[in-house]
Amino acid sequence: MTSKTANSMWGGRFAEGPDAIMQAINASIAFDQRLYAQDIAGSRAHAAMLAATGILTNKDAEAIGEGLLTVLSEIETGKLQFRTDLEDIHMNVEARLKDIIGAPAGRLHTARSRNDQVAVDFRLWVRDQCDAAIAGITALMGAFLAQAEAGADWVMPGFTHLQTAQPVTWGHHMMAYVEMLARDRGRFADARARMNECPLGAAALAGTSFPIDRHMTAKALGFDRPTANSLDSVSDRDFALEFLSASAMCAMHLSRFAEELVIWSTAQFRFVTLSDKWTTGSSIMPQKKNPDAAELLRAKLGRIMGATVALFTVMKGLPLTYSKDMQEDKEQVFDAADTLMLALAAMTGMVGDMTANRAALAAAAGSGFSTATDLADWLVRALNLPFREAHHVTGTLVALAESKGCDLPDLHLADMQNVHAGITKDVFAVLGVVNSVNSRLSYGGTAPVRVREQIARWKAALAG
């Protein structure tokens with residue numbers, strides 16, 4: 001059925017309203033209403049600039065500014081009901097403004113277009129989300145730091161291929177995630193700095209003949225400067241793509257730790273215990289304590305990666321400048337931002353609440369011939385063997401221990417000397433896991449003294 005109601009916001013070019021299906025495709029108010037605060041802030045800055053440059057009278061600008069505050073209040077209190085026939089947040093706000101102040105509302109759109117209006121609204125919203133992400137990441141870094149400080153010298157196995165490799169410390173493992181998150185925080189900060197240019201005033205695509213002051217609106221909205229090319233201003237969504245890309249990287253890091261929590265909380269590992277806040281039971285098996293929060297995060301974080309690919313796909317084929325395709329940018333970013341903030345908050349809670357099982361960590365640290373590399377290094381240092389020969393001797397000793405059903409520290413000295421006569425009793429000093437981790441004194445290594453140095457560095461950085 002075709003609607004016969006004309007959309008007055010479009011004027012005389014469209015005598016009849018759109019078909020209901022077209023209206024459903026075209027309308028974005030269902031999701032872009034989230035931009036209401038940014039839209040009103042941008043409009044108030046624009047009106048003030050129009051008055052300052054003499055394009056609007058002070059009287060009209062004051063009426064617009066006060067009327068927009070009324071609209072803001074009505075939205076925040078739920079009084080204003082958004083209309084689908086008005087398509088988007090911009091037209092809904094302007095229509096309500098006209099109801100409140102009358103004719104001056106029609107002057108607000110002077111020297112701008114919905115193209116630069118949505119560009120500034122969206123950029124403001126994404127900028128705010130960068131700030132929120134940075135705050136969320138910082139809180140999670142603090143939770144990992146607390147875990148690292150509590151267990152800076154607790155030994156545990158380090159893994160490659162999920163096989164025991166070398167002993168490390170719990171604190172060192174926790175600090176690995178602090179480093180990952182620090183890079184994530186830096187990416188959001190970099191993206192925020194790059195997006196902090198104001199597209200308002202680019203109008204539809206070519207700028208405007210009105211004597212506007214774009215530097216004034218940029219400053220009023222907290223931007224560093226106005227954008228330098230009007231074509232790029234209205235067609236750019238790099239800021240959203242950078243936000244999504246940074247979010248996807250962060251999501252990948254969060255998902256990796258979620259996977260570790262799932263593994264570590266099993267009866268086979270028993271490395272950590274998650275609190276009841278982040279686990280559930282089974283409807284049939286009373287003994288179960290399932291790490292559902294970690295599993296849900298592991299799944300939900302894929303939404304961010306999907307959103308990133310989706311927006312790249314939207315943008316990759318668009319010629320300059322604006323195309324209606326770009327209306328499909330917001331839902332992806334909104335969902336990704338919501339998912340990321342939920343994940344950061346949940347992960348901060350889980351990391352803060354989890355209890356590491358020091359005894360289980362230590363027992364696992366010595367298994368799987370985890371000090372084999374220490375043995376090879378000792379052969380190089382003490383006997384001056386070439387590393388490849390030391391590697392071969394160590395491999396032979398590992399095979400011997402495996403055949404005897406014991407670990408390397410449990411071999412008799414005589415058994416070791418049968419493999420290489422130069423081995424002395426001093427070798428046993430390097431075969432303990434505590435000695436192993438204490439020896440890893442290189443910068444960035446797992447030795448507790450190095451771990452505590454990194455903890456202190458990061459605590460100072462976050463406090464500053």
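Only a predicted model underlies this, so the values are computations on that prediction, with no experimental measurement involved.

### So, the packing of aromatic side chains
Item 1. Per the stated rule, a full pass over the model turns up 12 aromatic pairs.
Item 2. Aromatic side chains Phe-159 and Phe-269 sit 6.2 Å apart centroid to centroid with 50 degrees between the ring planes, which places their arrangement in the tilted category. Residue Phe-159 is located in strand 1 (residues 155-160), and its partner Phe-269 is located in the loop between helix 10 (238-264) and strand 5 (272-273); the two are separated by 110 residues in the primary sequence.
Item 3. Assessed through its relative accessible area of 23%, Phe-269 is described here as partly exposed.
Item 4. Feature note: the residues Phe-144, Phe-159, Trp-170, Tyr-177, Phe-257, Trp-264, Phe-269 and Phe-271 constitute an aromatic cluster, connected by ring pairs.
Item 5. Sitting over the face of the ring of Phe-334, Arg-34 holds its NZ or CZ atom 4.8 Å from the ring centroid.
Item 6. Its guanidinium or amino end placed over the ring of Phe-223, Arg-127 lies 4.7 Å from that ring's centre, counting from NZ or CZ.

### Digging into the packing of helix 10 against helix 12 (residues 302-315)
Item 1. Contact geometry for helix 10 and helix 12: axes closest at 8 Å, N-to-C directions at 155 degrees. Judged on the interaxial angle alone, helix 12 and helix 10 are roughly antiparallel. Crossing hand, helix 10 versus helix 12: left-handed. Every residue of helix 12 that contacts helix 10 at Ala-240, Leu-241, Leu-244, Ser-245, Ser-247, Ala-248, Ala-251 and Met-252 is listed here: Ile-304, Met-305, Ala-307, Thr-308, Leu-311, Phe-312 and Met-315.

### Regarding the pattern of salt bridges
Item 1. This model, assessed by the stated rule, comprises 25 salt bridges.
Item 2. The closest approach of N and O atoms between Asp-88 and Arg-114, which form a salt bridge, is 2.4 Å. Within this pair, whereas Asp-88 is found in the loop between helix 4 (58-76) and helix 5 (89-101), its partner Arg-114 is found in helix 6 (residues 114-150), the two being separated by 26 residues in sequence. The two residues Asp-88 and Arg-114 agree in class, both being buried.

### Here we look at the nonpolar core
Item 1. Ranked by internal contacts, the top residues of the largest apolar core, which has 96 residues, are Trp-170, Phe-188, Leu-254, Phe-257 and Met-347.
Item 2. It is helix 10 that provides the largest number of residues to this core, a total of 16 residues.
Item 3. Excluding anything up to four places from it in sequence, Leu-254 contacts Leu-140, Leu-181, Leu-301, Leu-340, Ala-343, Leu-344 and Met-347.
Item 4. Of all hydrophobic cores here, the second largest spans 20 residues; its members include Ala-372, Leu-375, Leu-385 and Val-393.

### A short note on the confidence of the model for the protein
Item 1. Residues at a pLDDT of 70 or more form 94% of the protein, whose mean pLDDT is 92.
Item 2. Scored below 50 in pLDDT, residues 1-6 makes 15 contacts in the model with residues more than four places away or belonging to other chains.

### Structural notes on the packing of helix 4 against helix 5
Item 1. With their axes 9 Å apart at the nearest point, helix 4 and helix 5 run at an angle of 115 degrees to one another. For the pair helix 4 and helix 5, the sense of crossing is right-handed. Together, Ala-63, Ile-64, Gly-67, Leu-68, Thr-70, Val-71, Glu-74 and Ile-75 of helix 4 and Val-93, Arg-96, Leu-97, Ile-100 and Ile-101 of helix 5 make up the contact between the two elements.

### A look at the environment of Tyr-36
Item 1. Secondary-structure assignment places Tyr-36 in helix 3 (residues 36-52).
Item 2. A relative accessible area of 22% places Tyr-36 in the partly exposed class.
Item 3. Through-space distance from the C-alpha of Tyr-36 to that of Trp-378 is 66 Å; in sequence the pair is 342 residues apart.
Item 4. Every residue in contact with Tyr-36, bar those within four places of it in the chain, is listed here: Leu-72, Ile-75, Glu-76 and Ile-89.

### A few points about empty space enclosed by the protein
Item 1. A complete count under the given rule lists 1 cavity of 30 Å³ or more for this structure.
Item 2. The calculated volume of the largest cavity comes to roughly 40 Å³.
Item 3. Lining the largest cavity are Phe-159, Leu-162, Glu-260, Ile-263, Trp-264 and Phe-269.
Item 4. Examining the composition of the lining of the largest cavity, we find that 3 residues originate from one element, helix 10, more than from any other.
Item 5. Considering only residue class, the lining of the largest cavity consists of 5 nonpolar, no polar and 1 charged.

### Quick notes on the side chain of Gln-117
Item 1. Along the chain, Gln-117 falls in helix 6.
Item 2. Discounting residues that sit within four places of it in the chain, Gln-117 has contacts with Asp-39, Ser-43, His-90, His-109 and Arg-112.

### Describing unusual backbone geometry
Item 1. The omega torsion across Leu-320 and Thr-321 is 5 degrees, close enough to zero to call that bond cis.
Item 2. Within the element layout of this structure, Thr-321 appears in the loop between helix 12 and helix 13 (330-353).

### A look at the pairing of strand 2 (residues 163-169)
Item 1. As paired elements, strand 1 and strand 2 share 6 bridges and run antiparallel to each other. Across the sheet, residue Val-155 finds its bridge partner in strand 2, namely Thr-169.
Item 2. Connecting strand 1 to the antiparallel partner strand 2 that follows it, the hairpin turn spans 2 residues, and His-161 within it adopts a positive phi of roughly 60 degrees.

What counts and how
- Residues numbered from 1 in each chain as written.
- Predicted model: local features only at pLDDT ≥ 70, side-chain atom pairs only at ≥ 80, totals over all residues.
- Heavy atoms only, no water.
- Phe/Tyr/Trp six-rings, centres within 6.5 Å; stacked < 30°, edge-to-face > 60°.
- Helix = DSSP H or I, 4+ residues; strand = E, 2+ residues; numbered from the N terminus.
- Buried < 20%, exposed > 50% of the residue type's maximum accessible area, 1.4 Å probe, protein only.
- Lys NZ or Arg CZ within 6 Å of the ring centre and 35° of its normal.
- Axes fitted to C-alpha atoms, helices over the stretch in contact; angles between N-to-C directions.
- Parallel < 35°, antiparallel > 145°, perpendicular 65-115°, else oblique.
- Left-handed = near helix turned anticlockwise from the far one by under 90°.
- Contact = heavy atoms within 4.5 Å.
- Salt bridge = Lys/Arg side-chain N within 4 Å of Asp/Glu carboxyl O.
- Core = buried A, V, L, I, M, F, W, Y, C linked by side-chain atoms within 4.5 Å.
- pLDDT = per-residue confidence, 0-100.
- 1 Å grid on protein atoms, 1.4 Å probe; cavity = no way out; pocket = protein on both sides within 12 Å on 5 of 7 lines; lining within 4 Å.
- Points joined across faces, edges and corners; volume = space filled by probe spheres on them.
- Nonpolar A, V, L, I, M, F, W, Y, C, P; charged D, E, K, R; others polar.
- Pairing = 2+ DSSP bridges.

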